[in-house]
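Letter by letter, the chains look like this.
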Amino acid sequence: MRLPHKRLQLSACRFIHNHPALRSSNPSGRTASFGFRTVPEESKESLVKDVFDSVASKYDLMNDASSLGVHRLWKDSLIDTLKPGRKGPLRCIDVAGGTGDIALRILDHARENYADRETTVEIVDINAQMLKEGFTRFKKTMYHNTPQVSFHEANAQELPPSQFKDDSYDLYTITFGIRNCTSIPAVLSEAYRVLKPGATFACLEFSKVNNPLLSTLYDQYSFTVIPLLGTILAGDRDSYQYLVESIRKFPSQPEFAQMIRDAGFSTGGDFDGGAWTDLWGGIASIHTGVKI
């Protein structure tokens, strides 16, 4: 496995209001959401990079604390849905997968259930610090220094065509990452480009809770407990405040399903169990599409 050598400068998110990206001009005039804030489109990528630089070393710990470990069950559900290895070895690309937990689940599932040691996963992330965490995780596994896993620093919206070729992959996964991208349609378009015809796109993402009582309780927990845990466990309230806000800005299940179809994918119908599967009342959802 090769870890990218490009290094990113760390920047604490608590200084985000004075971030240089926000002092720059906005030549395109286009804007994007950064949590509940509206920022110049050109600035969002830099702002998000700084958030994940700040939280990378404590990212898994904070996910455990903020979800009481439930995010692990959701990720297991994603892999159980996809069943990698069931129909033979796959070439997979896991985007925004820097910490490596989805890639490891894919490889373990294929090996343990189907004696598959040929499935491969290319882990792609825009953030070098997150990739560093994933590289460290894989050094403790049997997959280290094997062709089954590799790490690549790249932008999900603009995967280099020379490296990520058209019609190349059997499975594309992106977990809790697409909401942080500046252009969701651009990410979906790239996913469509690199997948083989008949291949699967799968996204696990926080979503919209439909039950009013559960929604109220979830909002109270998210906006009070999670930023507080960010302060206690990571010394970084602002980054986790952003993460909570970014969840609320993400499209609803039907809206995101339509975006997936607009990119060219075929999906099920617009209902739970069709185009998407709700987890825990819609706190998170698994969306899938097939390239046609």
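Residues numbered from 1 in each chain as written. Predicted model: local features only at pLDDT ≥ 70, side-chain atom pairs only at ≥ 80, totals over all residues. Heavy atoms only, no water.

Let us now look at the overall build of the protein chain. Scanning the protein chain from terminus to terminus reveals ten helices and ten strands. Referenced to the eigenvectors of the C-alpha coordinate spread, the extents of the protein chain come out at roughly 50 × 45 × 40 Å. Across the 292 residues in the protein chain, those meeting the buried criterion constitute 52%. Long-range contacts, defined as pairs at least 24 residues apart, comprise 75% of the intrachain contacts of the protein chain with a sequence gap of at least 6. Averaged over its 33 positive side-chain charges, the protein chain has a centre that lies 4 Å from the centre of its 34 negative ones. (Helix = DSSP H or I, 4+ residues; strand = E, 2+ residues; numbered from the N terminus. Buried < 20%, exposed > 50% of the residue type's maximum accessible area, 1.4 Å probe, protein only. Contact = heavy atoms within 4.5 Å. Lys, Arg positive; Asp, Glu negative; His and termini not counted. Charge placed at Lys NZ, Arg CZ, Asp CG, Glu CD.)

Within the element layout of this structure, aspartate 236 appears in the loop between α8 (212-234) and α9 (237-249). Within polar-contact distance, the side chain of aspartate 236 engages the backbone nitrogen of aspartate 238 at 3.5 Å. (Polar contact = N/O pair within 3.5 Å; in protein donor to acceptor, adjacent residues only side chain to side chain.)

Of all eleven residues in helix α7 (residues 184-194), eight are buried, a share of seventy percent or more. Among all positions in α7, only Ile184, Val187, Leu188, Glu190, Ala191, Tyr192, Arg193 and Val194 are buried. Where α7 is buried, its residues touch β6 (169-175), β7 (195-206), α10 (253-262), β8 (265-266) and β10 (284-291). Looking at where α7 begins, the residue whose side-chain oxygen comes 3.2 Å from the main-chain nitrogen of alanine 186 is serine 183.

Turning to the nonpolar core, a few remarks are in order. In this structure, Trp74, Ile123, Phe138 and Leu204 are the most contacted members of the largest nonpolar core, which totals 31 residues. For this core, the secondary structure elements donating two or more residues are α4 (70-82), α5 (101-114), β4 (120-125), α6 (128-138), β5 (149-153), β7 and β10. Residues Ala154, Leu188, Leu195 and Cys203 belong to the second largest nonpolar core, which totals 27 residues. (Core = buried A, V, L, I, M, F, W, Y, C linked by side-chain atoms within 4.5 Å.)

Predicted coordinates in regions of low pLDDT should not be interpreted in detail. Residues with a pLDDT of 70 or more make up 90% of the protein chain, whose mean pLDDT is 88. Low pLDDT (under 50) marks residues 2-24, which in the prediction has 48 contacts with non-local residues, meaning those over four places away or in another chain. (pLDDT = per-residue confidence, 0-100.)

This part covers the packing of aromatic side chains. Counting across every chain of the model gives eleven aromatic pairs. Cation over ring: arginine 91 sits above tyrosine 169, and NZ or CZ is 4.3 Å from the ring centre. Lysine 291 extends its terminal NZ or CZ atom over the ring of tyrosine 192, reaching a point 4.8 Å from the ring centre. (Phe/Tyr/Trp six-rings, centres within 6.5 Å; stacked < 30°, edge-to-face > 60°. Lys NZ or Arg CZ within 6 Å of the ring centre and 35° of its normal.)

So, about the pairing of β6. When you tally the buried positions in β6, you get six out of seven residues, the bulk of the element. By the bridge criterion, four bridges tie strand β3 (residues 91-95) to β6 in an arrangement that is parallel. Counterpart to cysteine 92 in the pairing with β6 is leucine 171. Summarising the sheet, β6 and β7 pair through six bridges and their orientation is parallel. (Pairing = 2+ DSSP bridges.)

Following the sequence through the fold, threonine 119 ends up in the loop between α5 and β4. A polar atom in the side chain of threonine 119 sits 2.9 Å from the backbone nitrogen of leucine 90.

Another point: the pairing of β10. Most of β10 is tucked away, with six of its eight residues classed as buried. Bridge analysis of β7 against β10 gives seven bridges, and the strand direction is antiparallel. By the bridge assignment, leucine 204 is partnered in β10 with isoleucine 286. Sheet topology note: the β8/β10 ladder contains two bridges and is antiparallel. Opposite serine 266, over in β10, you have valine 290 as the bridge partner. Sheet analysis places strand β9 (residues 276-279) next to β10, joined by four bridges and oriented antiparallel.

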